[in-house]
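# Structural characterization, general
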Amino acid sequence: MDAGNFSHRELELLSALRNLGGSARSSELAKHMNVSEETIRRGIKSLSKAGALERVHGGAYLIGGVGDPSYFQRMGLFQQEKRRIAKHVAKQVRGNMTVFLDVGSTTAFVAERLRKLSGLTIVTNSMGIAQTLMGTSDNRVHFLGGEMHSKERGTFGTQTEKQAQRFVFDVAVLSVDGLSAKRGASFANVAEATLSEVVADCSERVVIGMDHNKFGLKAPHVGLSPKAIHSLIVDKKPEKEMARALKSWDVALVVVPDEKTDGETDACLEDKE
């Protein structure tokens, strides 16, 4: 692979990917380079053909670099459902709130919705979300320090947790890897599980948005108590056992409407006292 065969713009794109940790969404690259997303998509397509990077849904990662495609694979799964869920999660946030957003793929869609609000104080351990929201509508963005995990494209560990504890969150938007009636919320990553507990303790309201495929799943690590969850926003109703568990935990369940009926079920959200 001869760099001399690449245009100036393509070389800039490769450099931007390296600066962003080896992987990035097209929207992040466009903002970083101050060009349109269409320009980025054309560059990614050309560089992919030359074998300089790998195209994935919504972005790219450097071949042989530290970029991990799993983030983009997660972003590409159940996109329509996640967008619908994110629309309703974002309704829990109003201007001038202090909000925590984690590294989840559904949370990334929530962040895009929040760009329209003003005066927010956003706290996140997600590199992508920080880049999405910084400099928008008079919002202030705090990116938590800590050890960077390339797979999640976010920071974790003791330093991350200590910095999170310095905030009082009006709303925390969290993700889980599984939710079962017997075990509650669970996580594939122990650091993510621990951070969820810390953030929940600092939050007035905890909102989880997830697609229905996570019902019944059990990941290795226990995180926040299910009783700390105020609202669960999903795309399909859970089965009876799961519904009973949610009721016993005092979790307000919101099932978002499909595209044809969107807007008809806002009243189904019941506040947790």
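What counts and how
- Residues numbered from 1 in each chain as written.
- Predicted model: local features only at pLDDT ≥ 70, side-chain atom pairs only at ≥ 80, totals over all residues.
- Heavy atoms only, no water.
- Helix = DSSP H or I, 4+ residues; strand = E, 2+ residues; numbered from the N terminus.
- Buried < 20%, exposed > 50% of the residue type's maximum accessible area, 1.4 Å probe, protein only.
- Contact = heavy atoms within 4.5 Å.
- Areas by Shrake-Rupley, 256 points an atom, 1.4 Å probe, with all protein chains shown as cover.
- Core = buried A, V, L, I, M, F, W, Y, C linked by side-chain atoms within 4.5 Å.
- Pairing = 2+ DSSP bridges.
- Right-handed = clockwise from strand over helix to strand, strands pointing away.
- Arc of directions from axis to C-beta.
- Expected span 1.5 Å × (residues − 1).
- Phe/Tyr/Trp six-rings, centres within 6.5 Å; stacked < 30°, edge-to-face > 60°.
- Lys NZ or Arg CZ within 6 Å of the ring centre and 35° of its normal.

Within the protein chain, the secondary structure is distributed over ten helices and 15 strands. The buried share among the 273 residues of the protein chain stands at 51%. Residue pairs at least 24 apart in sequence account for 58% of intrachain contacts in the protein chain once pairs closer than 6 positions are excluded. Put simply, the protein chain shows about 13200 Å² of open surface, and 46% of that area lies on carbon and sulfur atoms.

Moving on, we come to the nonpolar core. Ranked by size, the top nonpolar core spans 34 residues in total, and within it F100, L174, L179, V199, L224 and L232 carry the most contacts. Within the residue set of this core, elements represented by two or more residues are β9 (171-174), β11 (184-187), α9 (190-201), β12 (206-209), β14 (231-234) and α10 (240-248). The contacts of F100, once residues within four sequence positions are left out, are V123, T124, N125, L144, F169, V171, A172, V173, L174, L195 and V199. Listed in part, the 22 residues of the second largest apolar core include A90, F109, V207 and V256.

Moving on to the pairing of β14. Of the two faces of β14, the one holding S231 and I233 and the one holding L232 and V234 are both buried throughout. Strand direction decides the pairing type here: β12 and β14, joined by three bridges, are parallel. Along β14, the bridge assignment pairs G209 with I233. In this sheet, strand β15 (residues 252-255) lies alongside β14 in parallel orientation, the contact comprising four bridges. By the bridge assignment for β15, S231 is matched with A252. Taken together, β14, α10 and β15 form a β-α-β motif whose crossover is right-handed.

Here we take up α10. Among all positions of α10, only M242, A245 and L246 are buried. Here the buried residues of α10 occupy an arc of 100° about the axis, which is enough to place them on one side. Away from its buried face, by an angle of more than 90 degrees, α10 presents the exposed residues K240, E241, R244, K247 and S248. Where α10 is buried, its residues contact β10 (178-180), β14 and β15. Where α10 ends, the next residue or the one after it, D250, has phi of about 65°, a positive value.

Relative to the 16 Å expected for twelve residues at 1.5 Å per residue, helix α1 (residues 8-19) spans 16 Å between its end C-alpha atoms, a close match to the ideal helical length. Taken as a whole, α1 has its buried residues at E10, L13, L14, A16 and L17. All buried residues of α1 fall inside an arc of 160° around its axis, so they share one side. Facing away from the buried side of α1 by over 90 degrees, the exposed positions are H8, R18 and N19.

Now for the packing of aromatic side chains. Any pair of aromatic rings gets described here by the distance separating the centres and the angle formed by the planes. One pass over the full model with this rule turns up two aromatic pairs. Between F167 and F169, the ring centres sit 5.9 Å apart and the planes meet at 15°, which makes this aromatic pair stacked. Look at F169 and you get buried, because its relative accessible area is 0%. Counting every residue linked through ring pairs, the aromatic cluster contains F100, F167 and F169. Looking at R25, its charged tip hangs above the ring of F109, at a distance of 6.0 Å from the centre.

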